[in-house]
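Next come the chains, spelled out residue by residue.
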Amino acid sequence: MFPGRMTLSPPGPPGGPPEELQELAFIERPIRRSLKTAEEIDQLTVDEDLNDVERAVYLLSVGQEVQRASVISNLPSLVRQNPAETFRRVVPKVREVLNGAGAEIQLAAATSFLTILQDDIILIHTHTYSILKTVLLHLNHRDTVVSSAWLETLLSAINALPKETIKQEVLNPLLYQSQLSHSLQARLAACRILGKASCKFDSLIVKKELLPLARSLSRDTESEVRVCMCRQLESMARAIGVDDTRTELLPELLELAGDEESRVRLAAFDSIISLMEMMDGDDRLHLLVPLVMSACDVSSQVDEGIMVSLSFQFGKLCSGLAGSLSEEQKRLLLQKFQVLCITGLQTEENQMDVGESTLIRCNCCYNLPAMVAFVDPAHFLCDIHPSLSGLCSDPEVSVRRSVAASFHQVVKLLESNVHVVHKELLLLLQDSALEVLDALMNHLDETLEVVLSRGDNLILDNKLPELLSALLSAEQKVGSSLRWRLHEKLLHRYSCLSRLLPGELLHQTFSARIFIILTTNKVLPVQKEAARTFCTFLRYNRKQEQRQEMMERLIQDLAQGRSYWNRLRFLDVCEIATEIFSRKYFNKHFLIPALELVHDPVANVRYKLCQLLPRLRSSLRLPADKLLLQKLDFCVQKFLCREKDKDVVAMIRKFHKRHEWDLLDQKKEKEEMLLLEMEQLERQQSDGKLNSDKHAERKRRDSKTSLSSAKSMSVSSSTGSSSSGKETRKAKLSRSRSLSSQPTSSKPVNSDRPLKVKDLSGSSGLGKSTRDDSVRTAHFTLTTQSTSSMPVLIRSKTTSLLDQASLLEQREHRTSTLDHRTGNRDQRNHMMEHRTSSLEEREHRTSTLDHRDHRTSTLGQRSKTMERGSGMKDSQSRKLSMNRKSNSLQSE
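Residues numbered from 1 in each chain as written. Predicted model: local features only at pLDDT ≥ 70, side-chain atom pairs only at ≥ 80, totals over all residues. Heavy atoms only, no water.

## Side note on the overall build of the protein chain
Next up, step 1: A tally of regular secondary structure across the protein chain gives 42 helices and zero strands.
Next up, step 2: Counting over 892 residues, the protein chain shows a buried share of 41%.
Next up, step 3: Residue pairs at least 24 apart in sequence account for 70% of intrachain contacts in the protein chain once pairs closer than 6 positions are excluded. (Helix = DSSP H or I, 4+ residues; strand = E, 2+ residues; numbered from the N terminus. Buried < 20%, exposed > 50% of the residue type's maximum accessible area, 1.4 Å probe, protein only. Contact = heavy atoms within 4.5 Å.)

Here's what the structure looks like:
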């Protein structure tokens, strides 16, 4: 049926099946489904009811080697969970397992104990001591890898152990391990332990107990031991101080610097240079300078180790010894540096290894900034510039990459003389290796800032076109490669040109190229970085025509482009523009073209626009951007009504829901503000009432005082003359009657309760105003009740957002009206309180006058009674005198 698809193989030999069938037979053999037998599975099975500590103890006791190694590797987590039980039950089992265990378990135990010590999991010294005993048992393991792992654990344990424990358990055994009878491995461990333990003790103990042991090890017959001890003398020197270092350790290091082994001389040389900061001027002049000069002489021969170390420490040496060197010595050092910069490039009889020579030249690149600071700026061209130029054109990529990494520091040190390295900068920008460009781009903005701002203007004008051409060629070279991360970095560094180049030159050279990258490059991070750089150029362009041209290109080629990819890029540009431009500029130039993409036929573009809507909404401010807000709401309404893509619908609903939440939050915020204002009004009213009560009380006290004084005056006047008292009482009585005829039955008005009109109808002008205020207060209360019910947003897809906006405006208008009426009510309440207080004062004065009239009338009645009594007494005395006269006449 399918003759073209089936081909028959020729028949095989009769002696047996063909090779293809044999391969098929091999494939069809039964495959073993399980890698473990049933017995092995039973041995590996553990009871699930056991806790972590019990399971660890069980596996360490009867488990296989792989299970024991797993438990030991998991020991730090057990210590974190339950340290007491772990050190009581699990750690002793680990010690038992380690006796005679293989290298795998030994390394796992050393790593676990090191983790426990470094992470500060344990807090008591007993546990650290327990670990120390285990470490010391296996420190001299026959396997060097295992012994090195246990040594690292011991060095970490020294930091956590007390001094007495270190002295008894660690340092005392060193007296025996440092002897020549012990193994080389034990003596090397003793050197490292001495250097670590010296930091734990004071200078006196180090000088008396540790320093003699260090001297004996530095004179060991094995060069490896002398090298190890020489590298530990630096830490011991910092422990004993500057004075003891000068007298005790420097002679020992100088002796080691003349050792017959090059490795020992190298270690001593590195240690002496590390201790240079602890030396004074005399030590540097008489000890260090001759050593450096002799090392330079030796390095010129065949000692590669000294030569590599010298090339790495050269900048530090020149900076530290600058004040102690003569001009001749400085010249010799500069000559030595020039020789180091060309090491391995000249054909010599004793050719150095290629790797060593390349490393020396890389070290010279690393020390270039220090050497530029070391020489006189006037001598830079003759002393350092040839070496710098040679390193920039070195045949090895690693050397050129090293000089490119430190080039920005050289440029900063040159300052106004930066034009002398213009050629070297062009060489690095035009380098064929992308690794060199990558190293140069790390600080290219700093380099360009110095080159374009501090150089001589005349020289800069002549060399600027070359520099711009080199920058453009570097971008094209990187853009044509697959190193898109380097391309992204380059575009990011080029954004600094907006602050360094004139706007016209930047617009002609770089803006067009960046826009081409934005529209043609297919890598999204590169496109976004190009968009950011283009927006930066647009932001700092000073010419209005050029800015308008750039904006038109953005809208025509991206926002209105035929490719949906370009329209997506325009939305990316809008997202970046919100970060770079001001809100006003963005709303004027970017917002409307972005909202017009609501009609885009591609769902991805509409989806991207929905993602961008929250940021667009946050750029609007009312009431200035009211029209733009209406357009944005109209865009959202179109999405809600007409959108069919499910992803776009989900995104727009998410935004719409967030918008509703924002509106609800605004409503809650306004209500909270109103509540706070009402609370402040009530507090002010209560404070006003309290002040009025205090004022009334003060008035009452004053009235009582005046009443008592009036009473005393009335009593004195009544006893003084009866006629003047009568006239005064008559005048007071007439005045009190005239005052009592006025209305005195007014009461304080409650600001929260409206007054009745009929209660104030019979009042005078004051009552009329009070009635008007009460009617207005009642009207304000009804208005407040009607406006307190805010309009609720109708959550329907068919409801127009314009209606919602109008409802929001009405709500804001009513809120402002409510605030105005609240202020009017506050003012009216204040007036009512003032009038009420005045009425209370009048009532109080009237009652006081009534009381005075009553007292006056009482005094008048008393005076009349007294007058009547006096009259009766006069008549009786007259009658009595007449009777006496008549009796006397009768007797006569």
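## Observations regarding the pattern of salt bridges
Next up, step 1: The full count for this structure, using the stated rule, is 33 salt bridges.
Next up, step 2: Among the ionic pairs, R583 bridges to D625, the shortest N-O distance being 3.1 Å. Of this pair, R583 sits in helix α35 (residues 583–589) while D625 is found in the loop between α37 (603–618) and α38 (626–642), placing the two residues 42 residues apart along the sequence.
Next up, step 3: Since its relative accessible area comes to 10%, D625 is described here as buried.
Next up, step 4: For E679, the salt bridge is made with R683, and the minimal N-O distance between the two is 3.0 Å. With E679 and R683 both in helix α39 (residues 646–720) and four residues apart, the pair spans about one turn of that helix.
Next up, step 5: Residue classification places E679 among the partly exposed residues on the basis of a relative accessible area of 39%.
Next up, step 6: One network of salt bridges, with partners in common, ties together R532, R569, D572, E575, E579, K608 and R615. (Salt bridge = Lys/Arg side-chain N within 4 Å of Asp/Glu carboxyl O.)

## Digging into helix α26 (residues 434–441)
Next up, step 1: Taken across its eight residues, α26 has six buried, putting it largely inside the fold.
Next up, step 2: Taken as a whole, α26 has its buried residues at L434, V436, L437, A439, L440 and M441.

## Details of the side chain of H141
Next up, step 1: Position of H141 among the secondary structure elements: in the loop between α8 (125–137) and α9 (144–160).
Next up, step 2: A polar side-chain atom of H141 sits 3.0 Å from the main-chain amide nitrogen of D143.
Next up, step 3: What H141 contacts, discounting residues up to four positions off in sequence, is Q106, V146, S147 and Q185. (Polar contact = N/O pair within 3.5 Å; in protein donor to acceptor, adjacent residues only side chain to side chain.)

## Quick look at the confidence of the model for the protein chain
Next up, step 1: Confidence in the prediction for the protein chain averages 77 pLDDT; 70% of positions are at 70 or higher.
Next up, step 2: Across residues 714–726, where pLDDT falls below 50, the model places five contacts with residues more than four positions away in sequence or in other chains. (pLDDT = per-residue confidence, 0-100.)

## Observations regarding the nonpolar core
Next up, step 1: Membership of the largest hydrophobic core comes to 209 residues, with the highest contact counts inside it found for L471, L497 and F590.
Next up, step 2: Beyond its immediate sequence surroundings of up to four residues, L497 is in contact with L448, L452, L471, L506, F510 and F537. (Core = buried A, V, L, I, M, F, W, Y, C linked by side-chain atoms within 4.5 Å.)

## Topic: the packing of aromatic side chains
Next up, step 1: Evaluation of the coordinates by the stated rule reveals nine aromatic pairs.
Next up, step 2: Ring centres of F312 and Y366 lie 5.7 Å apart, and the angle between their planes is 5 degrees; this geometry places the pair in the stacked category. Residue F312 is found in helix α17 (residues 304–320), and its partner Y366 is found in helix α19 (residues 354–366); the two are separated by 54 residues along the sequence.
Next up, step 3: Looking at F312, the relative accessible area reads 42%, which means it is partly exposed.
Next up, step 4: Classification of Y366 by relative accessible area gives exposed; the value is 56%.
Next up, step 5: A ring pair is formed by F515 and F534, whose centres lie 5.4 Å apart and whose planes are at 50 degrees; its orientation type is tilted. Linking F515 in helix α31 (residues 503–520) with F534 in helix α32 (residues 524–540), this pair joins segments that are 19 residues apart in sequence.
Next up, step 6: Residue classification places F515 among the buried positions, given a relative accessible area of 3%.
Next up, step 7: Its relative accessible area of 2% is what places F534 among the buried residues.
Next up, step 8: Counting every residue linked through ring pairs, the aromatic cluster contains F581, Y585, F586 and F590.
Next up, step 9: Here the guanidinium or amino end of R539 rests over the ring plane of Y540, the centre of that ring lying 5.3 Å away. (Phe/Tyr/Trp six-rings, centres within 6.5 Å; stacked < 30°, edge-to-face > 60°. Lys NZ or Arg CZ within 6 Å of the ring centre and 35° of its normal.)

## Some words on unusual backbone geometry
Next up, step 1: Here the amide bond leading from L622 into P623 is cis, since omega sits at 0 degrees, within 30 degrees of zero.
Next up, step 2: When you line up the elements, P623 lands in the loop between α37 and α38.
Next up, step 3: Located in the positive-phi region is E415, a residue other than glycine, with phi close to 55 degrees.
Next up, step 4: Locating E415 in the fold gives a position in the loop between α24 (407–414) and α25 (422–429).

## What to know about the state of the cysteines
Next up, step 1: Taken as a whole and judged by the stated rule, the model has zero disulfides.
Next up, step 2: Considering cysteine sulfurs only, C228 is the nearest to C230, which forms no disulfide, with 10.0 Å between them. (Disulfide = S-S within 2.5 Å.)

## Digging into the side chain of R400
Next up, step 1: Within the secondary structure layout, R400 lies in helix α23 (residues 397–405).
Next up, step 2: Look at R400 and you get buried, because its relative accessible area is 10%.
Next up, step 3: Beyond its immediate stretch of four places on either side in the chain, R400 contacts L391, C392, S393, D394, P395, L428, D431, A433 and V436.

## A word on the packing of helix α13 (residues 223–240) against helix α15 (residues 262–274)
Next up, step 1: α15 packs onto α13 with a crossing angle of 5 degrees between their chain directions and a minimal axis gap of 8 Å. Judged on the interaxial angle alone, α15 and α13 are roughly parallel. When α13 is examined against α15, the residues S223, E224, R226, V227, C230, R231, E234 and R238 are found in contact with a partner set consisting of R263, V264, A267, A268, D270, S271 and S274. (Axes fitted to C-alpha atoms, helices over the stretch in contact; angles between N-to-C directions. Parallel < 35°, antiparallel > 145°, perpendicular 65-115°, else oblique.)

## Topic: the environment of A157
Next up, step 1: Structurally, A157 can be placed in helix α9.
Next up, step 2: Residue classification places A157 among the buried positions, given a relative accessible area of 1%.
Next up, step 3: Residues contacting A157, with those up to four places away along its chain left out, are L117 and T128.

## Quick notes on the environment of S223
Next up, step 1: Note that S223 resides in helix α13.
Next up, step 2: Along the chain, S223 and S262 lie 39 residues apart, while their C-alpha atoms are 9.5 Å from each other.
Next up, step 3: Apart from the residues within four sequence positions on either side, S223 is in contact with E261, R263 and V264.

## Things to note about the packing of α15 against α17
Next up, step 1: Between α15 and α17, the shortest axis-to-axis distance is 10 Å and the interhelical angle comes to 5 degrees. The angle between the axes of α15 and α17 places the two elements in the roughly parallel class. Seen from α15, the contacting residues are R265, L266, F269, D270, I273 and S274; seen from α17, they are G305, I306, S309, L310, Q313, K316 and L317.
Next up, step 2: Of the residues in the contact of α15 with α17, the class split is six nonpolar, four polar and three charged. (Nonpolar A, V, L, I, M, F, W, Y, C, P; charged D, E, K, R; others polar.)

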